[in-house]
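# Descriptive structure summary
Each chain, letter by letter, is given below.
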Amino acid sequence: MALLPLPLLDYQRYGRQMILDGFGLSGQVKLKQSSVVVVGAGGLGCPALQYLAAAGVGTIGIIDDDIVELSNLQRQILHAESSLGIPKAESAADSAKRWALCKHIHTLELMRIRINSSIRVDVIKDRLTAQNALDILCGYDIILDCTDNAPTRYLLSDASVILKKPLVSGAAQKYEGQLVIYSLGPDGPCYRCLFPKPPAPEAAGTCEETGILGVVTGIIGNLQALETIKLLTGLHEMKPSMLLFSALGTPPFRSIKLRSRKADCVACGNKDFNLSMIMETDYVQVCGGPRPDWVQLGLANGHAGHRATVQDLKKLLDEGQTLNLIDVRPSTEFGICQLASARGVPLHELVAKPESYLPADRNTPTYILCRLGNDSQIAADALRSSRPNCEIRDVIGGLRAWSKEIDPNFPIY
Ligand SMILES: Nc1ncnc2c1ncn2[C@@H]1O[C@H](COP(=O)(O)OP(=O)(O)OP(=O)(O)O)[C@@H](O)[C@H]1O
Ligand SMILES: [Zn+2]
C-alpha cells in the first residue's frame, strides 16, 4: 500500500466528516495543513476553538491576555473551576488538546481524556496591539475575531486587510449575535467599509454591563468555527454577507448580502494602507479614548463634595437617619438583590422626571446607588439640576463596593 496522506488512525477519527460530499480526504488534509488564530479565548473563542480542535485544524493560535474568572464560566466553556486565576490562553489550549469529560465505562469514574493531542496549539498570553499584531497574525491562514471591544475590532480588520487574510468576526450581546467574514476574497469589504466611524465609548457596552446569554455566544462561536472550516476546505461560496441572530426573534436568523469593498475606504480602499500606517495608529484613541472613568468625571465636574462612600451610607443606616435612598439599576437587576431600605427607580425613569423622586422635606438627604457607581453619578446630577442646594450624593463604587467593604454576603454579579 502506498504511503497514506494521513496517519492511519485519522481515517477513523475524522471518517464521519471525510465521507461528506465536497469534504473528502482532501478536505481533511487541508485542515491538517492549515493554521488559524483565535483572538480572544472568551465567550466566542471557547466554542470556536473546541470545534476547530476537534475537526483537526493542524495549528491553532490562541491569543488572550486575561485570566479566568468565576463570571466567565457561564459561557466560556473551555475553562473549568480548576482554571480560575490562570491565563485564559493557557486554560483554553489545555482544554483544546484534552477537553472531553468522559464517563469511564467500567468504573463510572469521571476522567479527562486528551482527545486531540495531535494538533499544535500556540499559546499567546499577550494583548494584541498595533505594535505586535502583524508579527503575530502573519503566520496563520485565517484570523478569528472573538474579542469584545471596538479598538481590537478595528485593529484586526486593518491587519486582515494588510495581510490579505480572511477575518471571521463574531459579536454577541444580550440575546443577539452577528457574524461576518471580512476581507473575503479580493473584493470583500473590511470592517471599516461597514463601520467607518467607531462607536462612542459609552455606547459600546461590555458583557459585564449589558449581559449575555451564554448559549448565544456558543451559537455565534460555533458559526465562526463552521465558516472557518468551510473556508479552509473550499466549501465556502465566497459571497460576503452579514448573519444576524436574535434568540427571541422569529425567525431567529437573518442574512444580509454585503456590497463589495468601498472604493473610498481608508483601509481596504487605499492601496497605500500599510504596516507603517497601522503602527502609527493608536486604536484606543481612534475609538474615542479609554472608556470614561466616571469617578474621575464626577471629581472633574466639581462634585467631590457631593459624593459618599459606602462607609458613610452604612453609618447613616445604622444611626437610623431618615434617608431618601434610591437604587437606579434596571428593575431586573434590582430584582436580583437590593438593600432593604432602598427603593428601585431605573435610571431612565429618574432622569426623565427627577423632581418626582426628591423628598418632600428638603432636609432629608438623598443617596443614590447603582451597581458600580457610574449611573448613580448621572442620576445625582439630574436630581441636583432639578433641586440645587440640597444634599444629594452618589455612592462611590455602588453595590460592588458595598459587598466588598461592608457586607460580604451581599451578592456580586
Ligand atoms: N486586544 C486583545 N488582545 C488579546 N485578547 C483580547 C483583546 N481584546 C479582547 N480580548 C479578549 O477577548 C475575550 C472576550 O471575551 P468575553 O467578552 O467573553 O470575555 P470577558 O472580557 O471575560 O467578559 P466580561 O465582560 O464578562 O468580563 C476576553 O477574554 C479578552 O481578554
Ligand atoms: Zn474597507
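All chains use their own residue numbering, which begins from 1 and follows the written sequence. All chains are assigned letters beginning with A, and all ligands numbers beginning with 1, in the order in which they are written. Predicted model: local features are reported for residues with pLDDT of at least 70 only, side-chain atom pairs are reported and counted for 80 or more only, and whole-chain, interface and lining totals are derived from all residues.

With an unreviewed UniProt entry as reference, the protein chain is termed Rhodanese domain-containing protein, source organism Leucocoprinus birnbaumii. The protein chain has a UniProt comment under Sequence similarities (unreviewed entry) that states "In the N-terminal section; belongs to the HesA/MoeB/ThiF family. UBA4 subfamily." UniProt positions are given in the numbering used here, feature names are shortened, and annotations may be inferred rather than shown by experiment. Per its UniProt entry, the protein chain bears the Subcellular location (unreviewed entry) comment "Cytoplasm, Cytosol".

Below, the discussion takes up the nonpolar core. Val38, Leu49, Ile60, Ile62 and Leu144 are the most contacted members of the largest nonpolar core, which totals 65 residues. Ranked by residue count, the leading element in this core is helix H9 (residues 214-233), at eight residues. The next biggest cluster of nonpolar side chains, apart from the first, holds 22 residues, and it includes Val328, Ala342, Tyr357 and Val395. Definition of nonpolar core: a set of buried Ala, Val, Leu, Ile, Met, Phe, Trp, Tyr and Cys residues joined via C-beta atoms within 7 Å. Every C-beta atom is placed from the backbone, and the number of other C-beta atoms within 10 Å of a residue's own sets its class: buried at 20 or more, exposed at 12 or fewer, partly exposed in between. A run of DSSP states H or I qualifies as a helix once it reaches four residues; a run of E qualifies as a strand once it reaches two. Both are numbered from the N-terminal end.

Right, let's get into the sheet that holds strand S11 (residues 307-308). Across the sheet, which stays open at both edges, the five strands sit in the order S11-S15-S14-S12-S13 with parallel pairing between neighbours. The sheet is open, and its two edges are formed by S11 and strand S13 (343-344), each paired on a single side. Relative to strand S15 (residues 392-395), strand S14 (residues 366-369) runs parallel, the two sharing three bridges. Looking across to S15, one finds that Thr366 is bridged to Ile392. Here a strand pair is declared whenever DSSP counts at least two bridges between the two strands.

Further remarks concern the UniProt feature "binding site: Zn(2+)" (unreviewed entry) in the protein chain. In the numbering used here, UniProt assigns the "binding site: Zn(2+)" (unreviewed entry) feature to Cys190, Cys193, Cys265 and Cys268. The largest pairwise C-alpha distance within this set of annotated residues, which runs over 79 residues, is 8.5 Å, so the set is compact in three dimensions. Relative to the assigned elements, Cys265 resides in the loop between strand S10 (253-257) and helix H10 (275-280). Among the structural elements, Cys268 can be located in the loop between S10 and H10. Here, residue contact means that the backbone-derived C-beta atoms of the two residues sit within 7 Å. With residues up to four places along the chain from it excluded, the contact list for Cys268 reads Val161, Ser183, Pro189, Cys190, Cys193 and Arg261.

Take the packing of helix H2 (residues 24-33) against H9 next. As a rule, the C-alpha atoms of each element are fitted with a line to give its axis, helices using only the stretch in contact, and angles between N-to-C directions run from 0 to 180 degrees. Running from N to C, H2 and H9 point in directions that differ by 110°, and their axes come no closer than 9 Å. With respect to their mutual orientation, H2 and H9 come out roughly perpendicular. Across the interface between the two elements, Gly27, Lys30 and Leu31 from H2 touch Ile229, Leu232 and Thr233 from H9. Any residue that is not Ala, Val, Leu, Ile, Met, Phe, Trp, Tyr, Cys, Pro, Asp, Glu, Lys or Arg is counted as polar, Gly included; the first ten are nonpolar and the last four charged. Residue composition of the contact of H2 with H9, by class: three nonpolar, two polar and one charged. Relative orientations are named as follows: roughly parallel for angles under 35 degrees, roughly antiparallel for angles over 145 degrees, roughly perpendicular for angles from 65 to 115 degrees, and oblique for any other angle.

Attention now goes to the site of ligand 1. Only the C-beta atom, placed from the backbone, is used; a residue is near a molecule or strand if that atom lies within 6 Å of it. Near ligand 1 there are 22 residues, and of these Gly40, Gly42, Gly43, Asp66 and Asp148 occur at the shortest range. In terms of residue class, the shell around ligand 1 is made up of five nonpolar, 10 polar and seven charged.

Per the UniProt record, "binding site: ATP" (unreviewed entry) is annotated on Gly43, Asp64, Ser71, Asn72, Leu73, Gln74, Arg75, Lys88, Asp148 and Asn149. Inspection of the secondary structure puts Asn72 in the loop between strand S2 (59-63) and helix H4 (88-97). With 23 C-beta atoms counted inside 10 Å, the residue Asn72 sits in the buried group. Those residues within four positions of Asn72 in sequence are excluded, and the remaining contacts are Gly42 and His79. Tracing the chain through its elements places Arg75 in the loop between S2 and H4. Given 22 C-beta atoms within 10 Å, Arg75 falls into the buried group. Excluding residues that lie within four positions of it along the chain, Arg75 makes contacts with Gly43, Ile212, Gly214, Thr217 and Gly218.

Time to look at the sheet that holds strand S9 (residues 241-246). What the eight strands build is an open sheet, ordered S5-S2-S1-S6-S7-S8-S9-S10; its pairing is mixed. Both outer strands of the open sheet, strand S5 (120-124) and S10, are each paired with one neighbouring strand and no more. Across the sheet, the mean angle separating the axes of adjacent strands is 15° when strand polarity is ignored. Across four bridges, strand S1 (residues 35-39) lies against strand S6 (residues 142-145) in parallel orientation. Residue pairing across strands places Val36 opposite Ile142, the latter belonging to S6.

A helix is expected to span 1.5 Å multiplied by its residue count minus one. With 12 residues, helix H16 (residues 375-386) ought to run about 16 Å at 1.5 Å a step, and its terminal C-alpha atoms sit 17 Å apart, in line with that. Residues of H16 that are buried: Asp375, Ser376, Gln377, Ala379, Ala380, Asp381, Ala382 and Leu383.

As for its placement among the helices and strands, Val345 is situated in the loop between S13 and helix H15 (347-352). Under the C-beta neighbour-count criterion, Val345 is labelled buried, with 21 such atoms within 10 Å. Along the backbone, Val345 and Ser331 are 14 residues apart, and their C-alpha atoms lie at a distance of 7.5 Å. Non-local contacts of Val345, meaning those with residues more than four positions away in its chain, are made with Ile326, Val328, Leu350 and Tyr357.

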